[in-house]
Every structure is written in structure tokens, then in C-alpha cells.
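Below, each chain spelled out in residue letters.
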Amino acid sequence: MRRVEELARSETPRGEISLRRRIEPTLKVDVYEVKLGDEFLMSSLFTVAEIELARLGLARAKGDQLDVVVGGLGLGCTAKAALEDPRVSSMLVVDAMPEVIDWHERELLPDAPAVVRDERTRLLLGNFFELAGSEEGFDPDEPGRLHDAVLLDIDHTPRHLLHPDHAPFYSVDGLQRLRSHLRPGGVFAMWSDDPPDEDFMALLRQVFDRVEAHVVDFANFLTGGTSSNTVYVAA
């Protein structure tokens, strides 16, 4: 087998997106990577924080029949981890790229079967940020539907955005619109590649009653040390 195998490639309005699988010679494991143009969006080598996004966010959620929205399908790590919580009764996963949804429906990714074959899962092609800012909310089949938790992993950080159009979300008004789609006591959790951002924490505190920033550490064999991401949890 070739060391690098391209599984899918497509042209999008934001550039060429590709999914590839390669053998990591140091660890001798398959690694799945997504590139948009020349930028690496995600890698299956480091998914600890994406999994913790689901676990930390849902740990704050209350109730036994949780209605969850996941913003950003990616490699499926957050969605799969959310489904492992037995309290989750439904999960709507929103992604703006039909290619990413197609990869999962074709089960090109290792976590895809656990996500797409679960009857609680529904994949929705849509712009998370437009839906979050709308009056109708995330579910086009049920306008005004409220949710128990929203788990977001799309932009790199609240400052390093994949597209400038996402910027209005990271404001008091944008976060208030998001909260309007949550049930009382509902949870918003978000992944970030940077250390906790005090300015963003201040914005969250203007909208939510309780705000936490969890630093998630993980071993990085590339550097020989420890790396970290941040998971914000607000309720």
C-alpha cells in the first residue's frame, strides 16, 4: 500500500478539499487527514479534545432525553462521543460541506459507521452560523425547536476563523441568538485550538450564567511533549 492514499477530493467554493489516509511510520497506524487547499483542517492523530468537547459539554446537560446539535461533522469524533452518552435521544449534525457528509455516508472514515448507522443521528447540510442566527433555529423540519446542548467545532479559535462570515457569531448578539435555541439550562460547548481567551470568556459571561474553560492536554509525539486545546462550556 502507498504511504499516502487519497480517498476523496472535490472542488468547493472555498477551495479544494481532500480526504487522505496515510501510514504514520513512527506509530505505525493509519492516520486520516482533511485538507482545504494547503491548510490542514483536522487529523485523526489528535482527537482527544474533540472527544472531550462532547463529554464535557454533555456532563453539564440536565435530563435523560437529550436533544443535541453538533456543529461541524469533521472526522466524526465529537458526534461519535456524543452518541456514547446513553441520555442522548437525538443528534442533529450540521455541516456546510456536502463532501464531508458524503464521506461519512460512504463510510470512508473509521468513526463513520457508529455515527451514520445510529438511528438517533441526522446529518444536515447547512451553515451552522446562519442557522444559529436565525429565528427558526437549527432544524428546518421543526422551526423553533429547542435543544439541550449545542457542541461546536468548526473554527480554529474564536479569533482564527475559517471564514470571515463566521465573525458575527462571536459577539454578545450572536451568542444570545444561539442561546435562544436552547432549552432553559441548556449547554453550549465549543472547541478551540488556543489557550483560554479571556475576551471570549467575557462575552460568554454576558449571555450565560456559568462559564468554564477546560484545558485539555494530550501527548504530542511530533514534539515529544504535551499539547493542549480548550473546551469552553457555558450554561
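Identification of the chain as Spermidine synthase from Janibacter indicus is taken from an unreviewed UniProt entry.

A. Here's a closer look at helix α7 (residues 198–207). Residues of α7 that are buried include every one of Phe200, Met201, Leu204 and Val207, and no others. Burial along α7 is one-sided: seen end-on, the buried residues are contained in an arc of 120°. Structural note: α7 exposes Glu198, Asp199 and Gln206 on the side pointing more than 90 degrees away from its buried face. A distance of 2.9 Å separates the backbone nitrogen of Asp199 from a side-chain oxygen at the start of α7, and that oxygen is part of Asp197.

B. Focus on the side chain of Arg22. Relative to the helices and strands, Arg22 resides in strand β2 (residues 15–24). A residue is classified by how much of its surface remains accessible, and Arg22, at 13% relative accessible area, is buried. Within polar-contact distance, the side chain of Arg22 engages the side chain of Glu33 at 2.9 Å. In this structure, Arg22 is in contact with Arg3, Val4, Val29, Asp30, Val31, Glu33 and Leu45, ignoring residues within four places of it in sequence.

C. Main features of the sheet that holds strand β5 (residues 66–71). Within the open sheet, the seven strands sit side by side as β7-β6-β5-β8-β9-β11-β10. Their pairing is mixed. Both outer strands of the open sheet, β7 (121–125) and β10 (211–220), are each paired with one neighbouring strand and no more. Strand-to-strand twist of the sheet, defined as the mean angle between neighbouring strand axes without regard to direction, takes the value 20°. In this structure, strand β9 (residues 182–192) lies alongside strand β11 (residues 225–234), joined through five bridges in antiparallel fashion. Each residue of the ladder has a partner; that of Trp191, found in β11, is Val231. Against the sheet, α7 engages β9, β10 and β11, with an angle of about 140° to β10.

D. Region of interest: the pattern of salt bridges. A complete count under the given rule lists 23 salt bridges for this structure. Arg55 serves as the salt-bridge partner of Glu84, at 3.9 Å between the closest nitrogen and oxygen. Taken together, the residues Glu84 in the loop between α2 (77–83) and β6 (88–95) and Arg55 in helix α1 (residues 48–60) connect sequence positions 29 residues apart. Classification of Arg55 by relative accessible area gives partly exposed; the value is 46%. Between Arg159 and Asp197 there is a salt bridge; the shortest N-O distance is 2.6 Å. With Arg159 in the loop between β8 (147–152) and α6 (172–179) and Asp197 in the loop between β9 and α7, the pair connects residues that are 38 residues apart, well separated along the chain. Residue classification places Arg159 among the exposed positions, given a relative accessible area of 56%. Judged by relative accessible area, Asp197 falls into the buried class, the value being 12%. One continuous salt-bridge network, built from bridges that share partners, spans Asp67, Arg122, Asp139, Asp141 and Arg145.

E. Broad picture of the domain arrangement of the chain. If you check the domain split of the chain, you get domain 1 (1–45) and domain 2 (46–234). On a C-alpha basis, the centres of domain 1 and domain 2 stand 22 Å from each other. Contact with domain 1, which involves 22 residues of that partner, is made by 17 residues of domain 2. Summed over both sides, the interface of domain 1 with domain 2 buries roughly 1700 Å², with 73% coming from carbon and sulfur. On the domain 1 side of the interface with domain 2, the three residues burying the most area are Arg14, Tyr32 and Leu45, jointly 31% of the side's total. Remark: the boundary between domain 1 and domain 2 carries zero salt bridges. If you look at where domain 1 meets domain 2, you find two residue pairs in polar contact (both at pLDDT 80 or more). Those elements that place two or more of their residues in the side of domain 1 that touches domain 2 are β1 (4–12), β2, β3 (29–36) and β4 (39–43). Each residue belonging to the side of domain 1 that touches domain 2 can be placed in one class, and the counts come to twelve nonpolar, six polar and four charged.

Quick notes on the rules
Residues numbered from 1 in each chain as written. Predicted model: local features only at pLDDT ≥ 70, side-chain atom pairs only at ≥ 80, totals over all residues. Heavy atoms only, no water. Buried < 20%, exposed > 50% of the residue type's maximum accessible area, 1.4 Å probe, protein only. Helix = DSSP H or I, 4+ residues; strand = E, 2+ residues; numbered from the N terminus. Arc of directions from axis to C-beta. Polar contact = N/O pair within 3.5 Å; in protein donor to acceptor, adjacent residues only side chain to side chain. Contact = heavy atoms within 4.5 Å. Pairing = 2+ DSSP bridges. Axes fitted to C-alpha atoms, helices over the stretch in contact; angles between N-to-C directions. Salt bridge = Lys/Arg side-chain N within 4 Å of Asp/Glu carboxyl O. Domains from an automatic or database assignment. Buried area = accessible area lost by both parts, 1.4 Å probe. Nonpolar A, V, L, I, M, F, W, Y, C, P; charged D, E, K, R; others polar.

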